[in-house]
Amino acid sequence: DEEVAEYSRGLAIRVSGLEVPRPIKLFEDCGFSAQLMGAIGKQGYQKPTPIQCQALPIVLSGRDIIGIAKTGSGKTAAFVLPMIVHIMDQPELAKEEGPIGVICAPTRELAHQIYLEAKKFAKPHGIRVSAVYGGMSKLEQFKELKAGCEIVVATPGRLIDMIKMKALTMLRTTYLVLDEADRMFDLGFEPQIRSIVGQIRPDRQTLLFSATMPRKVERLAREILTDPIRVTVGEVGM
Ligand code: ADP
Ligand code: MG
């Protein structure tokens, strides 16, 4: 309706896709747990950024998303907060193994930043986050994964190494995030990404975030996402 259109225009949000949930104005509109609201407050986040206003209701509704917004716009919380909700919603059927949520990022530094942010939101719910990128020995990493976790934050190469070592399976993974997808392509990770995606059940929820959206990234997105909603904030390059 007109009010939503005007609100979105004001935030420079553009969407395409079927039946797009309306953007939110406040974190209170998301139905988050008290623990999650506490963690958001502790981070000093008073209100959602534009990408969060539109991405949070989309992802919380279970839809796939292509999110395009420049660096520094708050994309991490846009995928981590709904991931916590997704994990808390899982029935506790037969203590299966392996992460429920998997986040892939192009570099160790980026993965580490996501890991730190994910831990802050995961901790109040007792959700375990494992870091799967260089910096820890493969043996240490293997042991940590064997001990179990609900979220893995990984670089593609190291995640594949760990899968080959049978440190984890992704049989119960139902929430996959590909962050900084454009940079993963620039760094030549397309085959690794395809291999990882191919090992995750097709009924997963898939989120792809990027600062720019070159053709080849758009093409991959269309292949591996299901009825995605595309959200762009501000002006975005190809
Ligand atoms: P991006 O992934 O889009 O580059 P980040 O998720 O790294 O952006 O967020 C950039 C900065 O903004 C981080 O320091 C983060 O803690 C902060 N931030 C994220 N969401 C909010 C918010 N709602 N209010 C205030 N600061 C926020
Ligand atoms: Mg980011």
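Cut-offs and rules
Residues numbered from 1 in each chain as written. Chains lettered and ligands numbered in written order. Predicted model: local features only at pLDDT ≥ 70, side-chain atom pairs only at ≥ 80, totals over all residues. Heavy atoms only, no water. Helix = DSSP H or I, 4+ residues; strand = E, 2+ residues; numbered from the N terminus. Rg over C-alpha atoms; globule rule 2.2 N^0.38 Å. Buried < 20%, exposed > 50% of the residue type's maximum accessible area, 1.4 Å probe, protein only. Contact = heavy atoms within 4.5 Å. Areas by Shrake-Rupley, 256 points an atom, 1.4 Å probe, with all protein chains shown as cover. UniProt positions renumbered as here; feature names shortened; annotations may be inferred. Axes fitted to C-alpha atoms, helices over the stretch in contact; angles between N-to-C directions. Parallel < 35°, antiparallel > 145°, perpendicular 65-115°, else oblique. Left-handed = near helix turned anticlockwise from the far one by under 90°. Nonpolar A, V, L, I, M, F, W, Y, C, P; charged D, E, K, R; others polar. Near = heavy atom within 4 Å. Polar contact = N/O pair within 3.5 Å; in protein donor to acceptor, adjacent residues only side chain to side chain. Salt bridge = Lys/Arg side-chain N within 4 Å of Asp/Glu carboxyl O.

*Asks:* So what's going on with the overall build of the protein chain? Which residues, and what values?
*Replies:* In terms of regular secondary structure, the protein chain is built from 10 helices and 8 strands. Taken over C-alpha atoms, the radius of gyration comes to 17 Å for the protein chain, in line with the 18 Å a tight globule of 238 residues would show. The dimensions of the protein chain, computed from C-alpha atoms along their principal axes, are 55 × 40 × 30 Å. The 238 residues of the protein chain split such that 52% are buried. For the protein chain, the share of sequence-separated contacts (at least 6 apart) that also reach a separation of at least 24 residues comes to 72%. Counting only carbon and sulfur atoms, one obtains 53% of the accessible surface of the protein chain, whose full area is about 11400 Å².

*Asks:* A description of the UniProt feature "short sequence motif: Q motif" (unreviewed entry) in the protein chain should follow, citing residues and the corresponding values.
*Replies:* Feature annotation in UniProt places "short sequence motif: Q motif" (unreviewed entry) on residues 25-53, given in this structure's numbering. Strand forms 0% of residues 25-53 and helix 45%; the C-alpha atoms that close the span are 6 Å apart.

*Asks:* Outline the packing of helix 4 (residues 75-88) against helix 5 (residues 108-122), listing residues and values.
*Replies:* Running from N to C, helix 4 and helix 5 cross one another at 40°; their axes reach a closest spacing of 10 Å. Judged by the inter-axis angle, helix 4 sits oblique to helix 5. Taken as a pair, helix 4 and helix 5 cross one another with a handedness that is right-handed. Taken together, the residues of helix 5 that come into contact with helix 4 (itself represented by T76, A77, F79, V80, L81 and I84) are I114, E117, A118, F121 and A122. Class assignment of the residues belonging to the contact of helix 4 with helix 5 gives a composition of 9 nonpolar, 1 polar and 1 charged.

*Asks:* Describe helix 3 (residues 50-60), with residues and values.
*Replies:* Within helix 3, 9 of the 11 residues are buried, which leaves the element mostly enclosed by the surrounding structure. Positive phi shows up at G62, right after helix 3, with a value of about 95°.

*Asks:* Explain the site of ligand 1 to me, using residue names and the numbers behind them.
*Replies:* The full set close to ligand 1 counts 13 residues, and Y45, Q52, G72, K75 and T76 are the nearest of them. Within the backbone of K47, an N or O atom sits 2.9 Å from a nitrogen atom of ligand 1. One nitrogen or oxygen atom from the side chain of Q52 is found 2.9 Å from a nitrogen atom belonging to ligand 1. Taking 570 Å² as the accessible area of ligand 1 by itself, protein coverage stands at 69%. Within the shell around ligand 1, the residues separate by chemical class into 3 nonpolar, 7 polar and 3 charged.

*Asks:* Break down the pattern of salt bridges for me, citing the residues and quoting the values.
*Replies:* Within this structure, the stated rule accounts for 11 salt bridges. Between R9 and E2 there is a salt bridge; the shortest N-O distance is 3.3 Å. For the pair R9 and E2, a shared accessibility class is recorded, and that class is exposed. Among the ionic pairs, E218 bridges to R222, the shortest N-O distance being 3.1 Å. Residue E218 and its partner R222 are located together in helix 10 (residues 215-224), separated by 4 residues, close to a single helical turn. Taking the relative accessible area as the measure of exposure, R222 reaches 45% and is therefore partly exposed.

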